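# Remarks on the overall topology
What follows is the residue order along each chain.
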Amino acid sequence: MRILERSGLGEETCLPPAIHYIPPKPTMEAARGEAELVIFSAMDALFNKTGLKPKDIDILIVNCSLFSPTPSLSAMVINKYKLRSNIKSFNLSGMGCSAGLISIDLARDLLQVHPNSNAVVVSTEIITPNYYQGNERAMLLPNCLFRMGGAAILLSNRNSERRRAKYKLVHVVRTHKGADDKAYRCVFEEEDKEGKVGISLSKDLMAIAGEALKSNITTMGPLVLPASEQLLFLLTLIGRKIFNPKWKPYIPDFKQAFEHFCIHAGGRAVIDELQKNLQLSAEHVEASRMTLHRFGNTSSSSLWYELNYIESKGRMKKGDRVWQIAFGSGFKCNSAVWKCNRSIKTPMDGPWADCIDRYPVHIPEIVKL
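All values derive from a computational prediction rather than experimental measurement.

## What to know about the pattern of salt bridges
Following the criterion strictly, the structure yields 16 salt bridges and no others. Where Arg-158 meets Asp-58, a salt bridge forms, and the shortest distance between an N and an O atom there is 3.4 Å. Taken together, the residues span a long stretch of sequence, with Arg-158 in the loop between strand S4 (150-156) and strand S5 (167-176) and Asp-58 in the loop between helix H2 (28-50) and strand S1 (59-63) at a distance of 100 residues. Judged by relative accessible area, which is 12%, Asp-58 ranks as buried. A salt bridge links Arg-321 to Glu-259; the nearest nitrogen and oxygen atoms lie 2.7 Å apart. Here Arg-321, found in strand S9 (residues 321-328), pairs with Glu-259, found in the loop between helix H8 (227-242) and strand S8 (260-263); they are 62 residues apart in sequence, far enough to count as distant. Look at Arg-321 and you get partly exposed, because its relative accessible area is 28%. Salt bridges here are not isolated pairs; linked through shared partners, they connect Asp-105, Arg-108, Asp-109 and Arg-174.

The following block contains the structure:
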């Protein structure tokens, strides 16, 4: 109860029907039902918005970390929409909340070697089979944060799509700390003392996430920062290595490189930590906090809810740069940079259509339940 009171989640987040029972009924049938509801809804919305036909999809990538049935979720999509027999399909599992950007990176690599192609990325997490029913506090936290959600994204290298494309993918930077034992085990699926399976979150998680972020921005910085910021960062880095390792590291001002930030809505602590480390304003993390409040942690799809929030607020203008940052088990920190090709009209549909006028809302530190 105390975790929920401090979670930052609102009262409109969604759990699948199987979790509404006491005790929950996490059957395979229920899990497939949730996957079909979320993934097919996202795909239908993509077809409606873009005019894309199923036969036009050349590459399909589906990522879902904890639910990996046979046949795969990508095969489920192929069967539902009768996609072509020569489609290049991929199903990514076990890669955590940052798998959405891994899928984007994979799609980019594939599009570089397959000209005149359309790639669809589907990002989701299926809650039904992974709801922990034990009493270990470290394993109860995911129950309080994770909720239903999914997104489908169309990427293309077709010249005919250039004019109507909303964004251009500029950079993807991936950082993996799995060589370190603590980082590898900080988000770990295992059994508790009673044999009940759950995801255990280590007390070192935020510190490990901070180290992963530092490594990621060390690579990202030279790609996006103005020369003045790069010089200050480089001088401080040299000073720490040569003169005094206790010098406070210089945190580059990434607000000079980006107009918008989409920080994975992994939890209030994650957003707080990144806001502090990157010296961001409340407005810069508004999309992340409001996404967490309205939808909860929807895992790898949360970045797309945040991007749609910015669009729904009418803030996305031509030339604006967006930085998406996500963390995942392993431990990984992945980030992507997008540049807006045209000013985005406020969408009339989408996840925020029925509630955007109510946001932003004040989120108290503690909500008594």
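## What about the environment of Phe-295?
Relative to the elements of secondary structure, Phe-295 occurs in helix H10 (residues 286-295). Distance from Phe-295 to Tyr-81, taken between C-alpha atoms, is 27 Å for residues 214 residues apart in sequence. In contact with Phe-295, other than residues within four places in its own chain, are Thr-13, Arg-147, Met-148, Tyr-305, Pro-351 and Trp-352.

## Here's the deal with helix H3 (residues 73-81)
Among all positions of H3, only Leu-73, Ser-74, Met-76, Val-77 and Tyr-81 are buried. Along the long axis of H3, the arc covered by the buried residues comes to 155°, so they all point the same way. Turning to H3, the residues buried within the fold contact H2, S1 and strand S2 (88-92). Directly after H3, the chain includes Lys-82, whose backbone phi takes a positive value near 55°.

## Digging into the sheet that holds S8
The 4 strands are arranged S5-S10-S9-S8 in an open sheet whose pairing can be described as mixed. Each edge of the open sheet is held by one strand with a lone partner, namely S5 and S8. Between one strand axis and the next, the sheet turns by 15° as a mean value, whatever way the strands run. Where S9 and strand S10 (residues 332-340) come together, 8 bridges link them in antiparallel fashion. Its bridge partner lying in S10, Gly-328 is registered against Lys-332. Here helix H4 (residues 99-113) sits on the sheet in contact with S5, S9 and S10, set at roughly 120° to S5. Against the sheet, helix H7 (residues 205-224) contacts S5, S9 and S10, and its axis sits at roughly 140° relative to S5.

## Some details on the packing of H2 against H3
At a minimum axis separation of 11 Å, H2 and H3 run at an interaxial angle of 55°. By the angle class used here, H2 and H3 are oblique. The two elements H2 and H3 cross, and the hand of that crossing is right-handed. For the pair H2 and H3, contact is made by Ala-35, Glu-36, Ile-39, Phe-40, Met-43, Asp-44 and Phe-47 and by Leu-73, Met-76, Val-77, Lys-80 and Tyr-81, respectively. Of the residues belonging to the contact of H2 with H3, the class tally is 9 nonpolar, no polar and 3 charged.

Parameters and conventions
Residues numbered from 1 in each chain as written. Predicted model: local features only at pLDDT ≥ 70, side-chain atom pairs only at ≥ 80, totals over all residues. Heavy atoms only, no water. Salt bridge = Lys/Arg side-chain N within 4 Å of Asp/Glu carboxyl O. Helix = DSSP H or I, 4+ residues; strand = E, 2+ residues; numbered from the N terminus. Buried < 20%, exposed > 50% of the residue type's maximum accessible area, 1.4 Å probe, protein only. Contact = heavy atoms within 4.5 Å. Arc of directions from axis to C-beta. Pairing = 2+ DSSP bridges. Axes fitted to C-alpha atoms, helices over the stretch in contact; angles between N-to-C directions. Parallel < 35°, antiparallel > 145°, perpendicular 65-115°, else oblique. Left-handed = near helix turned anticlockwise from the far one by under 90°. Nonpolar A, V, L, I, M, F, W, Y, C, P; charged D, E, K, R; others polar.

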